[in-house]
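# Structural overview
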Amino acid sequence: MSEFINNREKRQEQLKGLIKKLHDGATVDQVKAEFDALTTGITAIEITEMEQALVNEGMPVEEIQRLCDVHASVFKGSIEDIHREEGINFDGFDEGHPVHTFKKENRKIESTLEEVLNYLSDYTENPIASKVEKLKFSLIKLSTIDLHYKRKENLLFPYMERYDITAPPQVMWGVDDEIRADLKTLIKHLTLEKPDVPEVNQLTRKLVDSVSEMIFKEEEIMFPMVLEKFTQEEWQEIEKASAEIGYTLLPVVKRWLPVTANTIPDLENKAQEVKRELKDEHMMKTVTENDEDVVINRIKKDAQTVIPFDAGSLTSLEVNAILNTIPFDMTFVDANDRVKYFTQGKERIFDRPITILGREVKHCHPPKSVHIVEKIVEDLKSGAKDNEDFWIRMGEQFVYIRYFAVRSKTGEFLGTLEITQNIKPITELEGEKRLMSN
Amino acid sequence: MNVIYSSVTIYDLLTLYPELKDALYELGFTDIVKPGMISTVGRIMTLSKGSKLKKIAMNDIALKLETYGFELKED
């Protein structure tokens, strides 16, 4: 087994040498023969893995892409052909389409799972520290699957819910969380002085099975389901909001530049149809209000609208800026339990993708905490409570989470306001500060 | 005996023969008792897909269906 890995490392070094030659001005033709010799007998997946390893080492992607050109010319095919060989089934999606990206990630996840199983058997044969490290490393790599799941949960699920597909997201989210928890447990176990080898085996195999099963569920059930329902416009909204969350094991994700719905009458009509079908008027308003940038709410038209308050008035431009400046995160859920607004300060403690706007608050939480959320909202709505607070330690931060009932002057319930703040700096304050800092 | 093809969707199957719900649950299709799953996932899940996913042998499915008076045909 070890000589296999050594050969791989040797090949990697040779690949690096090739890239350097290309960088220094060698032409594709000049290195073709060397590349061919280097890659005879290894699979396209291995080539990709080598390229990935180089990226992980910090080699800029543009350099790696030079290799793709050589690779393509050696294979006498296009980059797409290479990728098709690697098992990435395009199914007619443009690169950059969210489903295309999800599937690409799944292929990477699958090869990481293979890696995990390989390191697991290495470790089982010889449970020394270096083998533990290798296994741990590939599991840590695997835990970036969190981003793939996050995009599923925060981008795909809200749209599914708008189409009344509410049960599958809840079920799937629960399983995603189980996988996350199992990964954490396993990695933690491997940091023990003496990990239990049979235990490690059992946990690892169970994890690999769960992740493979999830890939199957996504590709055989969820993607067909959503591809049937979502409009081109919705896919574009999803794609736009994706980079903010991040990707799993993909060094480069190209932006999607499809022919837009506006230029294809049929698609535009279908988009209008769906908008009409959406039952909730509130959601329809959110979708139709901003034509250019549906997802990103910009206050272009209303910048100078003046809003009166109890004491004074402000333009909407000022209100937005003020709310984004205050030193805590606010999220407002309206009287119909839908997320209506949240502040966009410099750094949010908890993620708030734009796509959750209009979503029922209970669907914004993992299944485990749904009942707590519902109880809070119920108590605030009924008047049983006006406020409920929580505080938790999250890494370096001490997060204070407060819920307030928002009521009009006449007592009408308008919604729930959630305010989160890192109060660690506040709890550390001592004495006084009366003078300005430099 | 009524024939059921392995490519039938769970949704269609249970619409035609609702009495099979227990049978499917016993076989391991445990998600069908979760509200909202049959009308969504059920429209895409088939007996053959479910066999692969939940690791239930097609033979076991065939035997179970037989006890309910159905013949399973793979397609």
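Residues numbered from 1 in each chain as written. Chains lettered and ligands numbered in written order. Predicted model: local features only at pLDDT ≥ 70, side-chain atom pairs only at ≥ 80, totals over all residues. Heavy atoms only, no water.

## Focus on the packing of helix α10 (residues 197–229) of chain A against helix α3 (residues 47–54) of chain B
- Packing of α10 of chain A against α3 of chain B brings their axes to within 10 Å, and their N-to-C directions diverge by 160°. Here α10 of chain A lies roughly antiparallel to α3 of chain B, going by the angle between them. For the crossing formed where α10 of chain A meets α3 of chain B, the hand is left-handed. Contacts between α10 of chain A and α3 of chain B pair E213, F216, K217 and E220 of chain A from the former with K49, K52 and L53 of chain B from the latter.
- Along the lines of polarity and charge, the residues of the contact of α10 of chain A with α3 of chain B split into two nonpolar, no polar and five charged. (Axes fitted to C-alpha atoms, helices over the stretch in contact; angles between N-to-C directions. Helix = DSSP H or I, 4+ residues; strand = E, 2+ residues; numbered from the N terminus. Parallel < 35°, antiparallel > 145°, perpendicular 65-115°, else oblique. Left-handed = near helix turned anticlockwise from the far one by under 90°. Contact = heavy atoms within 4.5 Å. Nonpolar A, V, L, I, M, F, W, Y, C, P; charged D, E, K, R; others polar.)

## Observations regarding helix α4 (residues 58–67) of chain B
Residue and element names in this part refer to chain B.
- For α4, the set of buried residues is M58, I61 and L65. Seen end-on, α4 carries its buried residues on one side only, within an arc spanning 60°. For α4, the exposed residues lying more than 90 degrees away from the buried face are N59, L63 and T67.
- On the buried face of α4, the contacting elements are β1 (2–5), α2 (21–27), α3 and β2 (70–73).
- Phi turns positive one or two residues past the end of α4, at G69, with a value near 90°. (Buried < 20%, exposed > 50% of the residue type's maximum accessible area, 1.4 Å probe, protein only. Arc of directions from axis to C-beta.)

## Overview of the pattern of salt bridges
Residue and element names in this part refer to chain A.
- As enumerated under the stated definition, the model contains 31 salt bridges over all chains in all.
- Ionic pairing is found between E219 and R107, a salt bridge with its closest N-O pair at 3.2 Å. Residue E219 is located in helix α10, and its partner R107 is located in helix α6 (residues 98–125); the two are separated by 112 residues in the primary sequence.
- We classify E219 as buried; its relative accessible area is 17%.
- In this structure, the salt-bridge partner of K150 is D146, at a minimum N-O distance of 3.3 Å. Residue K150 and its partner D146 are both found in helix α8 (residues 145–162); the two are separated by four residues, about one turn of the helix.
- D146 gets classed as partly exposed once you look at its relative accessible area, which sits at 24%.
- A cluster of three or more residues bridged by salt bridges with shared partners is formed by D146, K150, E153, D177 and R180. (Salt bridge = Lys/Arg side-chain N within 4 Å of Asp/Glu carboxyl O.)

## Description of the packing of aromatic side chains
Residue and element names in this part refer to chain A.
- The final tally for this structure, using the stated rule, is eight aromatic pairs over all chains.
- Aromatic side chains F102 and F223 sit 5.7 Å apart centroid to centroid with 35° between the ring planes, which places their arrangement in the tilted category. Highlighted residues: F102 in helix α6 and F223 in helix α10, separated in sequence by 121 residues.
- Assessed through its relative accessible area of 2%, F102 is described here as buried.
- Look at F223 and you get buried, because its relative accessible area is 1%.
- Measuring from ring centre to ring centre gives 5.9 Å for Y159 and F230, while their planes differ by 55°; the resulting arrangement is tilted. (Phe/Tyr/Trp six-rings, centres within 6.5 Å; stacked < 30°, edge-to-face > 60°.)

## Thoughts on the nonpolar core
- In this structure, L139 of chain A together with I4 and L47 of chain B are the most contacted members of the largest nonpolar core, which totals 74 residues.
- Top contributing element to this core by residue count: α10 of chain A, with 12 residues.
- What L47 of chain B contacts, discounting residues up to four positions off in sequence, is I4, Y5, S6, V8, I10, L13, L24, F29, M58, I61, L65 and L72 of chain B.
- In this structure, V333, F342, V361 and V373 of chain A belong to the second largest nonpolar core, which totals 10 residues. (Core = buried A, V, L, I, M, F, W, Y, C linked by side-chain atoms within 4.5 Å.)

## Points about the confidence of the model for chain A
Residue and element names in this part refer to chain A.
- Taken over all residues, the pLDDT of chain A has a mean of 80, while the share at 70 or more is 74%.
- By mean pLDDT, the top-scoring element of chain A is strand β7 (residues 413–422) (96), and the lowest-scoring one is helix α14 (residues 281–289) (43).
- Confidence over residues 260–264 falls short of pLDDT 50; this stretch has seven contacts with residues more than four positions distant or in other chains.
- Considering only residues more than four positions removed or in separate chains, one finds that residues 278–299, a stretch of pLDDT under 50, has 28 contacts. (pLDDT = per-residue confidence, 0-100.)

## Side note on the interface of chain A and chain B
- Each partner contributes residues to the interface: chain A has 11 residues there, and chain B has 13 residues.
- Of the roughly 1,100 Å² buried between chain A and chain B on both sides combined, carbon and sulfur atoms contribute 78%.
- Three residues, V171, F216 and I221 of chain A, lead the burial of chain A against chain B; their summed loss comes to 42% of the area buried on that side.
- Where chain A packs against chain B, one counts two salt bridges.
- Where chain A packs against chain B, one counts one residue pair in polar contact (both at pLDDT 80 or more).
- Element by element, the count of residues in the side of chain A that touches chain B is highest for α10 of chain A, at seven residues. (Buried area = accessible area lost by both parts, 1.4 Å probe. Polar contact = N/O pair within 3.5 Å; in protein donor to acceptor, adjacent residues only side chain to side chain.)

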